[in-house]
Amino acid sequence: MDKHFDIRDWSVDNISSGCSFSRLLDEKIISPSDLLEIGILEFYNNEKLLQKAEHYGFEYIRMMELKKNFDKFLELFKKKIEGVEYIYLSFDIDVMDISVCPGSSANSPFGLNTYEVVKIFDLILETKKLIAFDIVEANPIFDFDDITSKFCAFLIAYILNQL
């Protein structure tokens, strides 16, 4: 879950969080069918990155589509994850709305709220297919009253409590 594709050119930017998925795809560590990106905001992904995502052929869900009909998204997502063997969840905190998680280097409006994240996590946890997860790009420098840090701690506890 991320508002960015994270498919920048890793031969130029190989130690950046912005190229993790392009490296995994280029090195054939994962196939495009293994990747589903949730929460993409076009505004934060230039035309070159949109074209690169189309070239790779992985599935992604735009934030605005998700927000327009969250219940429909949940139905489609549930069907998608029923067909996989296991799930690795990478949760980039910048997918959250700035009003609920200000502690990200790339925060913005039109992100997910806490209810939506918990509902998505519930679907993943119900499958019993989660093998690992990470929470990335939380930045305490931009946080206010530890709001983001507390939410990250909550998510970790929430997941671990259900494993």
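Everything here concerns the structure above.
Residues numbered from 1 in each chain as written. Predicted model: local features only at pLDDT ≥ 70, side-chain atom pairs only at ≥ 80, totals over all residues. Heavy atoms only, no water.

Student: For this particular structure, what's the right way to read the overall build of the protein?
Tutor: In terms of helices and strands, the protein carries 6 helices and 4 strands. The C-alpha atoms of the protein give a radius of gyration of 15 Å, which matches the 15 Å a tight globule of 163 residues would have. Viewed in the frame of its principal axes, the protein has a C-alpha envelope of about 40 × 35 × 30 Å. When the 163 residues of the protein are sorted by exposure, 44% land in the buried category. Summing over all exposed atoms, the protein offers an accessible surface of approximately 9,200 Å²; the carbon and sulfur share of this is 56%. Here the protein contributes 17 positive and 28 negative side-chain charges, whose respective centroids are spaced 4 Å apart. (Helix = DSSP H or I, 4+ residues; strand = E, 2+ residues; numbered from the N terminus. Rg over C-alpha atoms; globule rule 2.2 N^0.38 Å. Buried < 20%, exposed > 50% of the residue type's maximum accessible area, 1.4 Å probe, protein only. Areas by Shrake-Rupley, 256 points an atom, 1.4 Å probe, with all protein chains shown as cover. Lys, Arg positive; Asp, Glu negative; His and termini not counted. Charge placed at Lys NZ, Arg CZ, Asp CG, Glu CD.)

Student: What exactly am I supposed to notice about the pairing of strand E1 (residues 36-40) here?
Tutor: Taken across its 5 residues, E1 has 5 buried, putting it largely inside the fold. One ladder, built from 4 bridges, connects E1 with strand E2 (residues 59-62); its direction is parallel. Each residue of the ladder has a partner; that of Leu36, found in E2, is Glu59. This β-α-β element, E1 to helix H2 (residues 47-56) to E2, shows right-handed connectivity. (Pairing = 2+ DSSP bridges. Right-handed = clockwise from strand over helix to strand, strands pointing away.)

Student: I keep staring at a nonpolar patch on the surface and nothing clicks. Help me out?
Tutor: The grouping of Tyr86, Tyr88 and Ile131 at the surface amounts to a nonpolar patch, some 370 Å² of accessible area in total. Positionally, Tyr86 belongs in the loop between helix H4 (70-82) and strand E3 (87-92). (Patch = residues over 30% accessible without salt bridge, like charges linked within 9 Å, V, L, I, M, F, W, Y side chains within 5 Å. Salt bridge = Lys/Arg side-chain N within 4 Å of Asp/Glu carboxyl O.)

Student: Got a minute to help me understand H4 in this structure?
Tutor: In an α-helix, one turn spans 3.6 residues, which is why side chains three or four residues apart end up on the same side. Taking 1.5 Å as the rise per residue, H4 with 13 residues should run 18 Å; its terminal C-alpha atoms sit 18 Å apart, in good agreement. Taken as a whole, H4 has its buried residues at Phe70, Phe73, Leu74, Phe77 and Ile81. Seen along its axis, H4 keeps its buried residues to an arc of 100 degrees; they face one direction. Facing away from the buried side of H4, by more than 90 degrees, are the exposed residues Asp71, Glu75, Leu76 and Lys79. Considering only its buried residues, H4 is in contact with E1, E2, helix H3 (63-68), E3 and helix H5 (114-126). (Expected span 1.5 Å × (residues − 1). Arc of directions from axis to C-beta. Contact = heavy atoms within 4.5 Å.)

Student: Is there a simple way to think about the side chain of Ser108 in this case?
Tutor: With respect to the secondary-structure elements, Ser108 resides in the loop between E3 and H5. Separated by 2.9 Å, the side chains of Ser108 and Lys3 make a polar contact. With near-sequence residues (within four places) excluded, Ser108 lies in contact with Lys3, Leu41, Tyr44, Met96, Asp97 and Ile98. (Polar contact = N/O pair within 3.5 Å; in protein donor to acceptor, adjacent residues only side chain to side chain.)

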